Amino acid sequence: MSYLKKIEYEIVPEESFVVIRNCSGCGRKTHFINTKKFRVNANGSKLDVWLIYQCEKCKHTFNLAIYERRKASSIPKNEYQCFLSNDEQLAEMYGKNMQLFKRNKAEIDFERLKYDFVKLHETTESNEFGEMSVLAIHNPCELKIRPEKQIAEVLGLSRSQAAKRMGQGEIKLETASPQFLSVCVKGCLLDMMQHETRKDDIKS
């Protein structure tokens, strides 16, 4: 019986984004990393909260604004206490918040970014049009990863192999946006790839 297999993935950053910016201490562009510490400044009823980044070479700091001139009453008490205690989990969360970096016009080094593809769902149903698989890749953080690289990494192929399969029509890109990628894989190609991956895992 022919089938349609649907598999959904999500791209999840493994660590905070690394920022590229001019460092006054080094006198050139360097990499700034998340210190997992916050700076909180109170001015009357207004609060400013920053996530502190620092140059990995000379330790000069750069502050990413989380809240600016915000009424203290508008910030959840639990979050405020986490700011004061330098909660590492919250610092990691903000260190992966793409909108925060966009607001601060901070340049992210995507080449150094470590991420993983987490499988969300897999379903199989009958299909009258032959064997086919659909891969849906969610990218909620809008990480700048080229579509062909996403396809290659999910399928366990090199980029040249993925490009060859796409050129032969075995892999077809259906939808591509900063937050979502949809790919159609014809025939039993996906099952063959998964089988080869399992054999490699057993050998290793």
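Attention in this report is confined to the structure presented alongside it. All values derive from a computational prediction rather than experimental measurement. (Residues numbered from 1 in each chain as written. Predicted model: local features only at pLDDT ≥ 70, side-chain atom pairs only at ≥ 80, totals over all residues. Heavy atoms only, no water.)

### Details of the pairing of strand E5 (residues 61-71)
Now for step 1: Two elements, strand E4 (residues 46-55) and E5, share eight bridges in a ladder whose sense is antiparallel. Paired with Ile 52 across the strands is Asn 63, a residue of E5.
Now for step 2: Between E4 and E5, which pair antiparallel in sequence order, lie five residues; one of them, Lys 59, sits at a positive phi of approximately 75°. (Pairing = 2+ DSSP bridges. Helix = DSSP H or I, 4+ residues; strand = E, 2+ residues; numbered from the N terminus.)

### Examining the side chain of Ser 16
Now for step 1: If you trace the backbone, Ser 16 turns up in the loop between strand E1 (3-13) and strand E2 (19-23).
Now for step 2: A polar contact of 2.9 Å, which involves the side chain of Ser 16, links it to the side chain of Asn 34.
Now for step 3: A polar contact of 3.1 Å, which involves the side chain of Ser 16, links it to the side chain of Glu 92.
Now for step 4: Beyond its immediate chain neighbours, meaning those up to four positions away, Ser 16 contacts Asn 34, Tyr 53, Ala 91, Glu 92, Gly 95 and Lys 96. (Polar contact = N/O pair within 3.5 Å; in protein donor to acceptor, adjacent residues only side chain to side chain. Contact = heavy atoms within 4.5 Å.)

### Here's the deal with the pattern of salt bridges
Now for step 1: Per the stated rule, a full pass over the model turns up nine salt bridges.
Now for step 2: Note that Glu 122 is salt-bridged to Lys 5, the shortest N-O span being 3.8 Å. Here the residue Glu 122 occupies a position in strand E7 (residues 115-126), and Lys 5 occupies one in strand E1, the gap between them amounting to 117 residues.
Now for step 3: Assessed through its relative accessible area of 39%, Glu 122 is described here as partly exposed.
Now for step 4: Its relative accessible area of 9% is what places Lys 5 among the buried residues. (Salt bridge = Lys/Arg side-chain N within 4 Å of Asp/Glu carboxyl O. Buried < 20%, exposed > 50% of the residue type's maximum accessible area, 1.4 Å probe, protein only.)

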